[in-house]
Amino acid sequence: MIKARIVDIKRMAIHDGDGIRTTVFFKGCSLKCVWCHNPESIGFKTQLSYIKKKCIGCGECVKVCESGAHIIENGNHVFHREKCTGCGKCEEVCLGEALKLYGKEMAVSELMPILLEDKDFYENSGGGVTLSGGECLMQADFCTELLKELKNNQIHTAVDTCGFVSREAIDKVMPYTDIFLYDVKAFDETVHIKCTGQSNKIILENLRYIDRCGKKIEIRIPYVPDYNSVEIEEIARFLSGLKNVTKVKVLPYHNYAGSKYEALGMENTLPEKIPDKEVIDKVEKLMRVVGL
Amino acid sequence: MKLGAFETNRKELEKQFEQINWIVQDGVDETALITAYEKLLQDMAGKPKALIKAKTFELILTKAPIAIDKKDIFQDKLLGAKIMQKQRADWEKEVQDTYLQEEYKEQSEAWNEFGAYQGISDFGHTSPNSRLLLYVGITGIIERVEKAASREKLTDNQRVFYESCRIVWSAMQVFIVRLADAIEPYNLKNSRALRNIAAGAPGNIYEAMQLLIVYFFLHEYIAGTRVRTLGRLDVLLYPFYKEDIKSGTFTHEEVKEMLRYFLHKFWTAKVDYDLPFALGGIDADGNEVTNDMSYLIVETYNELNIHSPKIHIRVSDKTPKDFQKMVLRCIRGGNSSFVFVNDDIGIKTLMRVGIEEKDARDYVPIGCYEPAVWGVEVGCTGNGGVNLTKAVELVVTNGIDLRTGKSVGIETGKIESYEAFVEAVKKQISYMTERAMDYIRKIEGYYKEINPDPILSSMYDHSVEEGVDVYEGGAKYNNSSLYFYSIASLVDSMAAVKRLVFDGKMLSFEELCQIIKNNWKDQEKLRLIARKLPEKYGNNNELADELAKDISEFIAELNLNHPNGRGGVFKPALFSIDFCFFAGKRTMATPDGRLAGEPLSKNLCASTAMDRNGITALINSVTKMDHSKFPTGSVLDIVLHPSAVSGEDGLEAFYGIIRTYFNRGGFAMHGNVFDASTLKKAQENPEQYTNLQVRVCGWNAYFVNLSKEEQDAFIAQAENAV
Ligand code: SF4
Ligand code: SF4
């Protein structure tokens, strides 16, 4: 049975599509956006997050870790990330709730009971299940299987994608996907590369393709000053040429995620500047003007 | 009706209950009034209490100083000098001293010192038939009394009953005319309205509101009965509204202006625990009642930005969604004085105690969340309660209150297995419940001596027909209640005992007892393990949820439908109101890792911050219990972050939460929308947040006025919000 690496399952998600939803975050992303506020979902490998200030030095982790990644030195706890194999044993015993494992392997049969628990919440609010990430479509076979199962249970499905995936992956999930939540970060290729490390050619092509197939699409534009802020008009013009866009959401960038980078031992790439409320209002107005 | 006058005069109206210019008539000032009352007591010594009470009421209404508010369009003020409140307290004391000295001492110690259980008399939770008042008026009520009294072969008791009913309502007529005379030079319309309601049924919506106000303030402020609901306000006022608009008596705008004065009056009066009324839901025939008045009331109330009276929204499957969303929008905007209640369960739960379906359909939530039939049942929904979590302490100590060292429970002996532990917990719960019920039954036998209530009784058809006071069992349904609270703290503690001691074998039960007695001293690691256990109520965890279900069924067996002391039955409730703080202070450490004195879990909520999987999982857990077995009600409070309910999507999600809770069999839900950071700021800079309101339990309070401990509990809950 195939399994996927899952970062997290968020129940009662309100902003990942319509209604009350449960969102499944997949591990691993095909892009690397500088402003990413879910650093735990960038890498494909399992990662242990360690929040130093929560650690109470109880030493429980030392007892269970077989690779010696946790040690107590002079009464203080020290974590040697390089030794960690991501088995997850220490998370279970950590008394300070300082440790959290991102990237548990889960099968469809393990996910489904959790996703079904809130079925009536979905029904009563016009919600459902959203697959997100990371880039969930990097594990497209698994997604297809999961989506199929969700549809068998009459659950509304959304796939949140950055679009930097193969056409094949999109084709696989398309029949079982009710709506795509599609990120558009830049129109200009060089800007896109600067922001995400990759060209946006495939992304825009995939978007046109999905649109041609007649699938519903909700567009999400992260708005990051000094990065993609100059792109907004171009993006708007491009979007106005699509037929099946049901909603455009402008997501103002925030920089709350810094502590997550630290807890994961990753380099913090977050831009400092956050957008003003007025600017966001203006952008939203612009989208309305072009009929979005 | 001068439109806009309310806004102009609002500031002054706000002071109307603080600065009162009493009009002393015939030299009867406060002192003279008290002297006259004392004389009355002497003259009537040995007479039936009902008669003494009626005469006292009459004395005050006909003689005491009155006051008028020239800026107001409704009049109500009378100086009662708390005479009747004191009268009832004296009579209750007399009964306690004479018949129930030991019993009373036991109850007050069990509550005030041990925070364990409490049975008390309850004259504060009623649901008078305000509909009768408006549709037949005072004169109509008197006529009905007269008619019943004209039967042949009345007993002495009945004669006294009818006589006292006549006295109180006639006294009201006199009082209303006194008000009319006093206001006449300043407001002829108001004066005329007053004269009309003294002489007959209200003829229009203005008179209807005036009568409701007079009645309420007389009953609650003078006669000293907590009214605790005005009934179904949209049902009450709509017929008048429709007629007045049709006949052109008033315009829609004029009615709205009246409503401003009307609602604002209760806010200004700062009615204790906030006076509720209900909107929406089905009527006796099963038809949805939501009407233009329902919308207008919510709209006006929200525009006034007041938080009392509080509003219960009854929701049936026919209640319009746009009406519900309108209310949700108010909650989202910061008005937390609304509670949603589920008609399906409200009706089903009342039918469980033998209430006929057509009666059950006409329930109103009284007080905080307690359903009782409007004008047909005397619900007495405040007879005290049982601290479920205390049972664990009592098993640990073998029946001793740890804080005081005094004996409170029973001896449950040495615990050798988990099954024995569960048995022992149940025995302690059962003991506490029995003690409380025993006292309630006994004191109920003396209600007639403590609080005969001719005003209330004449508003209950059955009581009038039988000629029996409602507090003597004269209503069609005469029920009592008991709150069972802190179920989450209890369940988490039981699960911890299972996991740590009997399954996990980390330590023996005796060792755990010692640790509990020492308040987890030097056992921080173990305490954190206990807190970290996944078996916590509110997370859709099987063990915890099964325990909650088992305990709730057990409580129902102990209390539901057991006879009370006045011809009715007990109706249990699953909520805590603010007892979770009071009793928490008196409850020692618990196996779930809670420290001595910390608050216990509130209402149906999880223990503080222990609902780790969000609201949907919490609701999954909570609705595994059968809420219909708790006819005095149950409530789940949820806290949502403003971002979770922003926009139309957010509102739809909010609606979805409530709808799902109800579909799954939940009874009442109360939502607060705020974020933890705002609350923290308010805690630090109270002077900047004097207006921030939160719903404590069944009533609202200014956040900055809460104790540090209560504030912390709110912050913890908000930090856990989605
Ligand atoms: S996840 Fe496993 S290997 Fe990594 S630190 Fe924890 S116990 Fe050690
Ligand atoms: S188990 Fe957690 S709290 Fe204890 S030392 Fe390890 S990281 Fe710190």
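Residues numbered from 1 in each chain as written. Chains lettered and ligands numbered in written order. Predicted model: local features only at pLDDT ≥ 70, side-chain atom pairs only at ≥ 80, totals over all residues. Heavy atoms only, no water.

Engineer: Describe the side chain of Asn540(B), with residues and values.
Structural biologist: Within the secondary structure layout, Asn540(B) lies in the loop between α23 (524–532) and α24 (542–559). A distance of 2.6 Å separates polar atoms of two side chains, one belonging to Asn540(B) and the other to Lys624(B). When near neighbours in sequence (up to four residues on either side) are disregarded, Asn540(B) contacts Glu117(A), Asp545(B), Ala617(B), Asn620(B), Ser621(B) and Lys624(B). (Helix = DSSP H or I, 4+ residues; strand = E, 2+ residues; numbered from the N terminus. Polar contact = N/O pair within 3.5 Å; in protein donor to acceptor, adjacent residues only side chain to side chain. Contact = heavy atoms within 4.5 Å.)

Engineer: Give me the sheet that holds strand β6 (residues 338–342) of chain B: which residues, what numbers.
Structural biologist: Residue and element names in this part refer to chain B. Here five strands make up an open sheet; going across it, the order is β4-β5-β6-β15-β14 and the pairing mixed. On the outer flanks of this sheet lie β4 (276–279) and β14 (635–640), each paired with one strand and no other. Strand-to-strand twist in this sheet, taken as the mean axis angle between neighbours without regard to direction, amounts to 25°. The pairing of β6 with strand β15 (residues 668–673) spans two bridges and is antiparallel. Bridge pairing links Phe340 to Met669 in β15. Of the strands in this sheet, β14 and β15 touch helix α26 (residues 614–622), which is tilted by about 175° from β14. (Pairing = 2+ DSSP bridges. Axes fitted to C-alpha atoms, helices over the stretch in contact; angles between N-to-C directions.)

Engineer: Run through the side chain of Glu207(B), naming residues and quoting values.
Structural biologist: Residue and element names in this part refer to chain B. If you trace the backbone, Glu207 turns up in helix α9 (residues 205–222). The buried charged residue Glu207 lacks any salt bridge, with Arg192 as its nearest oppositely charged partner at 8.7 Å. Only 2.8 Å separates the side chain of Glu207 from the side chain of Asn196, close enough to count as a polar contact. (Buried < 20%, exposed > 50% of the residue type's maximum accessible area, 1.4 Å probe, protein only. Lys, Arg positive; Asp, Glu negative; His and termini not counted. Salt bridge = Lys/Arg side-chain N within 4 Å of Asp/Glu carboxyl O.)

Engineer: Report on the interface of chain B and chain A, specifying residues and quantitative values.
Structural biologist: Counting from both sides, the interface comprises 27 residues of chain B and, opposite them, 25 residues of chain A. Summed over both partners, the interface of chain B with chain A buries about 2000 Å², with 57% contributed by carbon and sulfur atoms. Between chain B and chain A we count three salt bridges in total. Across the salt bridge formed by Arg664(B) and Asp120(A), the nearest N and O atoms sit 2.5 Å from each other. (Buried area = accessible area lost by both parts, 1.4 Å probe.)

Engineer: Could you give an account of the site of ligand 2, naming the residues involved and the relevant values?
Structural biologist: Around ligand 2 sit Cys55(A), Ile56(A), Gly57(A), Cys58(A), Gly59(A), Cys61(A), His77(A), Cys94(A), Gly96(A) and Leu99(A), and that is every residue in its neighbourhood. Across the shell around ligand 2, the residue classes break down as six nonpolar, four polar and no charged. (Near = heavy atom within 4 Å. Nonpolar A, V, L, I, M, F, W, Y, C, P; charged D, E, K, R; others polar.)

Engineer: Mind laying out the domain arrangement of chain A, listing which residues take part and the relevant values?
Structural biologist: Along its sequence, chain A is organised into domain 1 (3–45 + 107–255 + 273–289) and domain 2 (47–102). Distance between the C-alpha centres of domain 1 of chain A and domain 2 of chain A: 33 Å. (Domains from an automatic or database assignment.)

Engineer: Tell me what's going on with the pairing of strand β4 (residues 70–73) of chain A, and back it up with residues and numbers.
Structural biologist: All names here are of chain A. By the bridge criterion, four bridges tie β4 to strand β5 (residues 76–79) in an arrangement that is antiparallel. The residue bridging Ile72 from the neighbouring strand is His77, located in β5. The turn joining β4 and β5, which pair antiparallel and follow one another in sequence, is formed by two residues; a positive phi near 50° is taken by Asn74.

Engineer: Residue-level account of the site of ligand 1, with values.
Structural biologist: In the vicinity of ligand 1, the contacting residues are Leu48(A), Cys65(A), Ser67(A), Ala69(A), His70(A), Phe79(A), Cys84(A), Thr85(A), Gly86(A), Cys87(A), Gly88(A) and Cys90(A). The residue makeup of the shell around ligand 1, split by class, is seven nonpolar, five polar and no charged.

Engineer: Explain a positive patch on the surface to me, using residue names and the numbers behind them.
Structural biologist: On the surface, Arg167(A), Arg208(A), Arg212(A) and Lys243(A) cluster together into a positively charged patch. Counting through the fold element by element, Arg212(A) comes out in helix α8 (residues 201–212). (Patch = residues over 30% accessible without salt bridge, like charges linked within 9 Å, V, L, I, M, F, W, Y side chains within 5 Å. Areas by Shrake-Rupley, 256 points an atom, 1.4 Å probe, with all protein chains shown as cover. Charge placed at Lys NZ, Arg CZ, Asp CG, Glu CD.)

Engineer: Provide a residue-level description of the environment of Thr62(B), including the pertinent values.
Structural biologist: Residues and elements named next belong to chain B. Following the sequence through the fold, Thr62 ends up in helix α3 (residues 49–63). The exposure class of Thr62 is partly exposed, given its relative accessible area of 25%. Separated by 333 residues in the primary sequence, Thr62 and Val395 have C-alpha atoms spaced 58 Å apart. A distance of 3.4 Å separates a polar atom in the side chain of Thr62 from the backbone oxygen of Leu59.

Engineer: Give a detailed account of the state of the cysteines, specifying residues and quantitative values.
Structural biologist: The full count for this structure, using the stated rule, is zero disulfides over all chains. Take Cys195(A): it sits in no disulfide, and the sulfur closest to it among the cysteines is that of Cys33(A), at 7.7 Å. (Disulfide = S-S within 2.5 Å.)

Engineer: Tell me about the sheet that holds strand β12 (residues 480–485) of chain B, and please be specific about residues and values.
Structural biologist: All names here are of chain B. The four strands lie next to each other as β3-β10-β12-β13, forming an open sheet whose pairing is mixed. At either margin of the open sheet sits one strand with a lone partner, and together these are β3 (117–119) and β13 (570–573). On average, each strand axis in the sheet is tilted by 25° relative to the strand beside it, whichever way the strands run. Relative to β12, strand β10 (residues 384–387) runs parallel, the two sharing three bridges. In the sheet register, Gly385 faces β12, and the bridge partner there is Tyr483.

Engineer: Please provide a residue-by-residue account of the packing of helix α13 (residues 321–332) of chain B against helix α27 (residues 647–663) of chain B, values included.
Structural biologist: Residues and elements named next belong to chain B. Where α13 contacts α27, the axes come no closer than 10 Å and their chain directions differ by 110°. The orientation of α13 relative to α27 falls into the category roughly perpendicular. For the pair α13 and α27, the contacting residues are Lys321, Gln324, Lys325, Leu328, Arg329, Ile331 and Arg332 in the first and Gly647, Glu648, Leu651, Glu652, Phe654, Tyr655 and Ile658 in the second. Residues belonging to the contact of α13 with α27 are distributed by class as follows: six nonpolar, two polar and six charged. (Parallel < 35°, antiparallel > 145°, perpendicular 65-115°, else oblique.)

Engineer: So, the confidence of the model for chain B: which residues are in play, and what are the values?
Structural biologist: For chain B, per-residue confidence averages 94 on the pLDDT scale, and residues scoring 70 or more make up 98% of the total. If you check the scores for this complex, the pTM reads 0.93 and the ipTM reads 0.89. (pLDDT = per-residue confidence, 0-100.)

Engineer: An account of the packing of aromatic side chains is requested, with residue identities and associated values reported.
Structural biologist: Residues and elements named next belong to chain B. All chains considered together, the criterion is met by 34 aromatic pairs over all chains. Among the aromatic residues, those joined into a ring-pair cluster are Phe17, Phe74, Tyr206, Phe216, Phe217, Tyr221, Phe262 and Phe266. The ring of Trp91 carries Lys49 above its face, with NZ or CZ at 5.0 Å from the centroid. (Phe/Tyr/Trp six-rings, centres within 6.5 Å; stacked < 30°, edge-to-face > 60°. Lys NZ or Arg CZ within 6 Å of the ring centre and 35° of its normal.)

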